[in-house]
Amino acid sequence: MATEAPVEATEIPSVAAAETVEKQPHKLERKWTFWFDNQSKPKQGVAWGSSLRKAYTFETVEEFWSLYDQIFKPSKVTVNADFHLFKAGIEPKWEDPECANGGKWTATSSRKANLETMWLETLMALVGEQFDESEDICGVVASVRRSQDKLSLWTKTATNEAAQMGIGRKWKEIIDAEKISYSFHDDSKRERSAKSRYTV
Ligand code: MGP
């Protein structure tokens, strides 16, 4: 009969040591920032962006889940509010140097529950670095609207069709959308409903 070799007391991790390991926060690949824009009571003559607020920057899985659970759920906000999750250091504005030559993939949803799911799936894909072209991504915006909610994935180099198509195909799969379209920020600056440049 095989006898087990005695285990040296020093090899057994103490309960305290195991707890310390478990309590270590899980670092994400990079830092992210949640933003919030409440345009539910727009004031006349006030410039776009004046109600846009940087809310929280985080870099661990644990912080991400607690912020999402407690605050950043589209179902918790009023109509005409936007939530954003952007890479830390990038502002969700066309004027940000990282966004200036970019554009956005947009998915619409007429069912509220859909926005909730698409938003969460996108957040997890972003913080979990699921996109091959993740360096080209700026962030995502959830827009809660009366008629049709919207989710937009902002990217950096609008003219790089191969990168945008790679991101678009992957995102469409992640959010299980029927059709998504890509517009250039440069076009949006000129006209309210910018034409679609790419579609998947
Ligand atoms: P939008 O919010 O991208 O369009 O831009 P949306 O979501 O279709 O409109 P909504 O009514 O559902 O909110 C709407 C308008 O806001 C634009 O035409 C601009 O006048 C202004 N705007 C939006 N963005 C993202 C920017 C921006 O980044 N910079 C500036 N200067 N204006 C912006």
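Check the entry above for the structure.
In this report, the structure presented in the accompanying data block is examined.

Rules behind the numbers
- Residues numbered from 1 in each chain as written.
- Predicted model: local features only at pLDDT ≥ 70, side-chain atom pairs only at ≥ 80, totals over all residues.
- Heavy atoms only, no water.
- Salt bridge = Lys/Arg side-chain N within 4 Å of Asp/Glu carboxyl O.
- Helix = DSSP H or I, 4+ residues; strand = E, 2+ residues; numbered from the N terminus.
- Buried < 20%, exposed > 50% of the residue type's maximum accessible area, 1.4 Å probe, protein only.
- Pairing = 2+ DSSP bridges.
- Contact = heavy atoms within 4.5 Å.
- Axes fitted to C-alpha atoms, helices over the stretch in contact; angles between N-to-C directions.
- Parallel < 35°, antiparallel > 145°, perpendicular 65-115°, else oblique.
- Left-handed = near helix turned anticlockwise from the far one by under 90°.
- Nonpolar A, V, L, I, M, F, W, Y, C, P; charged D, E, K, R; others polar.
- Phe/Tyr/Trp six-rings, centres within 6.5 Å; stacked < 30°, edge-to-face > 60°.
- Lys NZ or Arg CZ within 6 Å of the ring centre and 35° of its normal.

### Observations regarding the pattern of salt bridges
Moving on, step 1. Scanning the model with the defined rule gives 10 salt bridges in all.
Moving on, step 2. Where lysine 27 meets glutamate 59, a salt bridge forms, and the shortest distance between an N and an O atom there is 3.8 Å. Of this pair, lysine 27 sits in strand E1 (residues 27-38) while glutamate 59 sits in strand E2 (residues 52-60), and the two are 32 residues apart along the sequence.
Moving on, step 3. What makes lysine 27 exposed here is its relative accessible area of 62%.
Moving on, step 4. For arginine 30, the salt bridge goes to glutamate 129, with nearest N and O atoms at 2.9 Å. Of this pair, arginine 30 sits in strand E1 while glutamate 129 sits in the loop between helix H3 (112-127) and strand E5 (137-144), placing them 99 residues apart in sequence.

### Quick look at the sheet that holds E1
Moving on, step 1. Strand order across the open sheet formed by eight strands is E2-E1-E3-E5-E6-E4-E7-E8, with antiparallel pairing between neighbours. The sheet is open, and its two borders are formed by E2 and strand E8 (198-199), each paired with just one other strand.
Moving on, step 2. As defined by bridge partners, strand E4 (residues 103-109) adjoins strand E6 (residues 149-155) across seven bridges and the pair is classed as antiparallel. The partner of glycine 103 across the bridge, within E6, is threonine 155.
Moving on, step 3. Sitting on the sheet, helix H2 (residues 61-70) is in contact with E1 and E2, with an inclination near 140 degrees to E2.
Moving on, step 4. The sheet strands contacting H3 are E1, E2, strand E3 (81-87), E4, E5 and E6, and the helix crosses E5 at an angle near 165 degrees.

### Digging into the packing of H3 against helix H4 (residues 161-175)
Moving on, step 1. Following both chains from N to C, one finds H3 and H4 inclined at 130 degrees, their axes separated by 9 Å at the closest point. In terms of axis orientation, H3 runs oblique to H4. Crossing angle aside, the handedness with which H3 passes H4 is right-handed. Within the contact between the two elements, H3 uses Met118, Glu121, Thr122 and Ala125 and H4 uses Trp171, Ile174 and Ile175.
Moving on, step 2. Taken together, the residues of the contact of H3 with H4 break down into five nonpolar, one polar and one charged.

### A word on the packing of aromatic side chains
Moving on, step 1. Applying the stated rule across the entire model yields 14 aromatic pairs.
Moving on, step 2. Relative to phenylalanine 83, the ring of phenylalanine 36 lies with its centre 5.5 Å away and its plane at 45 degrees, an arrangement referred to as tilted. You can see phenylalanine 36 sitting in strand E1 and its partner phenylalanine 83 sitting in strand E3, a full 47 residues away along the chain.
Moving on, step 3. Aromatic side chains phenylalanine 83 and tryptophan 119 sit 6.2 Å apart centroid to centroid with 25 degrees between the ring planes, which places their arrangement in the stacked category. In this pair, phenylalanine 83 sits in strand E3 while tryptophan 119 sits in helix H3, placing the two residues 36 residues apart along the sequence.
Moving on, step 4. Through a chain of ring-to-ring contacts, the aromatic side chains of Phe34, Phe36, Tyr56, Phe58, Phe64, Trp65, Tyr68, Phe72, Phe83 and Trp119 assemble into a single cluster.
Moving on, step 5. For the cation-ring pair, arginine 197 lies above phenylalanine 184, with the distance from its terminal atom to the ring centre recorded as 4.1 Å.

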